[in-house]
Amino acid sequence: MKVLCIGAGAIGGYFGGALAESGHEVSFVARGKTLKALRERGLLLKNGEQPARTIRVHAADRAGKAADLLGGADIVLVATKALPDNPTFADLKDAQQLTGVPIVTTQNSVEVHDTAAELFGPDRVFAGVVRCYATRVGPAEIQLNPGPLTLNFGRVEGASRSEVALAFRAALDEAGIGGEYLTPGEILVDVWAKAMFVSTTGALGAVANAPMGVLRDALRPQLRALMKEVEAAARANGVALPADVVEQTLAFADRQYAGATSSMHRDIAAGLESELDAQVGAIRRKAASAGVATPLLDYTEAVLSVRTS
């Protein structure tokens, strides 16, 4: 397949690199030092303690240019962080070469796929859910850490079947990336189930400036209460989460490394732009649209917004 990957950070870099390594054509949209490294040296991938592999890929600073290097794209994988004023979708919208090409979103947000669908049409957009512990250790240099390596994706509206999506699922399998091609109902459950873990642990971790071990032990009642608000918002939006989803998510937190912190937590602690609005803000907006109150999430976002303003 010809895969256009928007972003060459931890997720985009590893997934795109693995696809290229397995024989698929991949072109990255990147900028600055990352673009320079991709062009001059190639992408470095490292699994655990194994030596790094150098993978040659295409790269450009705009989506249209990156697509031209492929001679057209079969699918677009959006793997940037959902940061304020991120121009990702604007760049895609301006790329005439990509008209009609399916788009898979991977950001940690319960509304990013809706934003994409408004811009490109629901039949063209697939919501994706990544589970992967990868780290960007330098420009175009990605370390894969022990843990899951999956990408579930599916349309949130319209027909489930898509030949391009099936081909992409097969390509991911060839690259050693697990996961499933899900129905619209199933993918929304997965999007919200991941948000329940990522958004609550990220936000509470940033408020408390504490890692996973503290959140799931000393702050367990607060973590559970935040997760219950996410559950209420999802159900009010018609998402059929499992009855025990909160306890499942807490059990998942119990299995994580006690010193783990989320990307959003680390960005806020460092004074960087973060996914706070895309994660917590999105859940609050979805809840408000369905008439559900989220006082703890409201408080959490307000405190963190003041800290980062």
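Being a predicted model, the structure only gives us computed values, none of them experimental.

A.B. asks: Got a minute to help me understand the overall build of the chain in this structure?
C.D. replies: For the chain, the helix and strand inventory stands at 13 helices and nine strands. Rg of the C-alpha trace for the chain: 19 Å, near the compact-globule value of 19 Å for 309 residues, within the 12% margin. Seen through its principal axes, the chain has C-alpha atoms that stretch 50 × 40 × 35 Å. Within the chain, the proportion of its 309 residues that are buried is 52%. In the chain, the proportion of contacts linking residues at least 24 apart, taken out of those at least 6 apart, comes to 67%. Carbon and sulfur atoms make up 54% of the accessible area of the chain, which totals about 13000 Å². If you average the places of the 31 positive and of the 34 negative side-chain charges in the chain, the two averages end up 4 Å apart.

A.B. asks: Would you mind showing me how to read the environment of Val-137 here?
C.D. replies: Within the fold, Val-137 resides in strand 8 (residues 125-138). For the pair Val-137 and Glu-118, spaced 19 residues apart in sequence, the C-alpha to C-alpha distance is 35 Å.

A.B. asks: Hey, could you run me through the environment of Ala-225 in this one?
C.D. replies: The residue Ala-225 is located in helix 9 (residues 220-236) in this model. We classify Ala-225 as partly exposed; its relative accessible area is 27%. Put simply, Ala-225 and Ala-60 are 165 residues apart on the chain and 44 Å apart in space, counted from C-alpha to C-alpha.

A.B. asks: Looking at this model, I keep getting lost on empty space enclosed by the protein. Mind explaining?
C.D. replies: Regions of empty space are outlined by a rolling probe, equal in size to a water molecule, passed over the atoms. Under the counting rule described, the total for this entry stands at one cavity of 30 Å³ or more. Taken as a whole, the largest cavity encloses approximately 100 Å³ of empty space. Together, 13 residues line the largest cavity, and Gln-107, Asn-108, Ser-109, Gly-128 and Val-191 are the ones closest to its centre. At the level of secondary structure, the elements contributing two or more residues to the lining of the largest cavity comprise helix 5 (112-120), strand 8 and helix 7 (184-208).

A.B. asks: Explain the pairing of strand 8 to me, please; I cannot follow it from the model alone.
C.D. replies: Looking along a regular strand, one sees the side chains alternate between the two faces of the sheet. Both strand 7 (residues 103-105) and strand 8 contribute to a ladder of three bridges, which runs parallel. Bridge pairing in strand 8 links Val-104 to Phe-126. Pairing geometry for strand 8 and strand 9 (residues 141-155), over 11 bridges, is antiparallel. Across the sheet, residue Phe-126 finds its bridge partner in strand 9, namely Arg-155.

A.B. asks: Just to check I follow, could you spell out the environment of Ala-67 for this structure?
C.D. replies: Here Ala-67 lies in helix 3 (residues 63-70). On the accessibility criterion, Ala-67 (0% relative accessible area) is buried. Separated by 136 residues in sequence, Ala-67 and Ala-203 place their C-alpha atoms 36 Å apart. Here Ala-67 is in contact with Leu-4, Gly-72, Gln-97 and Leu-98, once residues within four sequence places are set aside.

A.B. asks: Explain the packing of aromatic side chains to me, please; I cannot follow it from the model alone.
C.D. replies: Any two aromatic rings considered together are summarised by their centre-to-centre distance and by the angle between their planes. Summed over all chains, the structure comprises six aromatic pairs. Between Phe-89 and Phe-120 the ring centres are 6.1 Å apart and the planes differ by 65 degrees, which places this aromatic pair in the edge-to-face class. With Phe-89 in helix 4 (residues 88-94) and Phe-120 in helix 5, this pair connects stretches of sequence that are 31 residues apart. Each member of the pair, Phe-89 as well as Phe-120, carries the same accessibility label: buried. What links up through ring pairs into an aromatic cluster is the set Phe-126, Phe-153, Phe-168 and Tyr-181.

Conventions used here
Residues numbered from 1 in each chain as written. Predicted model: local features only at pLDDT ≥ 70, side-chain atom pairs only at ≥ 80, totals over all residues. Heavy atoms only, no water. Helix = DSSP H or I, 4+ residues; strand = E, 2+ residues; numbered from the N terminus. Rg over C-alpha atoms; globule rule 2.2 N^0.38 Å. Buried < 20%, exposed > 50% of the residue type's maximum accessible area, 1.4 Å probe, protein only. Contact = heavy atoms within 4.5 Å. Areas by Shrake-Rupley, 256 points an atom, 1.4 Å probe, with all protein chains shown as cover. Lys, Arg positive; Asp, Glu negative; His and termini not counted. Charge placed at Lys NZ, Arg CZ, Asp CG, Glu CD. 1 Å grid on protein atoms, 1.4 Å probe; cavity = no way out; pocket = protein on both sides within 12 Å on 5 of 7 lines; lining within 4 Å. Points joined across faces, edges and corners; volume = space filled by probe spheres on them. Pairing = 2+ DSSP bridges. Phe/Tyr/Trp six-rings, centres within 6.5 Å; stacked < 30°, edge-to-face > 60°.

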